[in-house]
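# Analysis of the macromolecular model
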Amino acid sequence: MSQAVLHGSLLLAQLMLGAAFCCAAFRVLRGPRAQDRVVGLDTLYVNGMLLLLCFGIRSGTDLYFEAALVIALLGFVSTAALAKFLMRGEVIE
């Protein structure tokens, strides 16, 4: 019983994250301003990381968790760099 509930809830979570991924991709492609595109990109990497975590829970392998950690680190750095670029027009001072 609990295995079926876990499998069903993971499947539902993956479907909802996939829908959120599509909405964020739409925001990146059609955002009216650059700030909207940065927020959409930030949401894209968070959704991608969460999808990898769901895949890792379903499969039971550590590779997905390591990939999610790398995506989280690179996504944070890229969001900070893009925010600094939009504020000042340059990343490296």
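Use the structure listed above.
This is a predicted model, so every value here is computed, not measured.

Criteria and cut-off values
Residues numbered from 1 in each chain as written. Predicted model: local features only at pLDDT ≥ 70, side-chain atom pairs only at ≥ 80, totals over all residues. Heavy atoms only, no water. Helix = DSSP H or I, 4+ residues; strand = E, 2+ residues; numbered from the N terminus. Expected span 1.5 Å × (residues − 1). Phe/Tyr/Trp six-rings, centres within 6.5 Å; stacked < 30°, edge-to-face > 60°. Buried < 20%, exposed > 50% of the residue type's maximum accessible area, 1.4 Å probe, protein only. Patch = residues over 30% accessible without salt bridge, like charges linked within 9 Å, V, L, I, M, F, W, Y side chains within 5 Å. Areas by Shrake-Rupley, 256 points an atom, 1.4 Å probe, with all protein chains shown as cover. Salt bridge = Lys/Arg side-chain N within 4 Å of Asp/Glu carboxyl O. Contact = heavy atoms within 4.5 Å.

### Structural notes on helix α3 (residues 63-88)
Its 26 residues place the ends of α3 38 Å apart at the C-alpha level, agreeing with the 38 Å of an ideal helix rising 1.5 Å per residue. Phi turns positive one or two residues past the end of α3, at G89, with a value near 90 degrees.

### Brief notes about the packing of aromatic side chains
The way to describe two aromatic rings as a pair is by their centre distance and the angle between their planes. Within this structure, the stated rule accounts for one aromatic pair. Ring plane angle 45 degrees and centroid distance 6.2 Å describe the contact between F55 and Y64, whose orientation is recorded as tilted. Taking relative accessible area as the criterion, Y64 reaches 31% and is therefore assigned partly exposed.

### Concerning a nonpolar patch on the surface
Taken together, the side chains of L6, I57 and F65 define a hydrophobic patch exposed on the protein surface, amounting to about 250 Å² of accessible area. Residue position: I57 is located in helix α2 (residues 34-59). The exposure class assigned to I57 is partly exposed, which follows from its relative accessible area of 44%.

### Concerning α2
With 26 residues, α2 extends 37 Å from end C-alpha to end C-alpha; this agrees with the ideal 38 Å at 1.5 Å per step. All of the buried residues along α2 are V38, G40, L44, Y45, N47, G48, M49, L51, L52, C54 and G56.

### Comments concerning the environment of A72
By the secondary structure assignment, A72 is in helix α3. Remark: the alpha-carbon pair of A72 and P32, spanning 40 residues in sequence, is separated by 26 Å. Aside from chain neighbours lying at most four places away, what touches A72 is Y45 and M49.

None of the figures reported here should be taken as evidence of function without further support.
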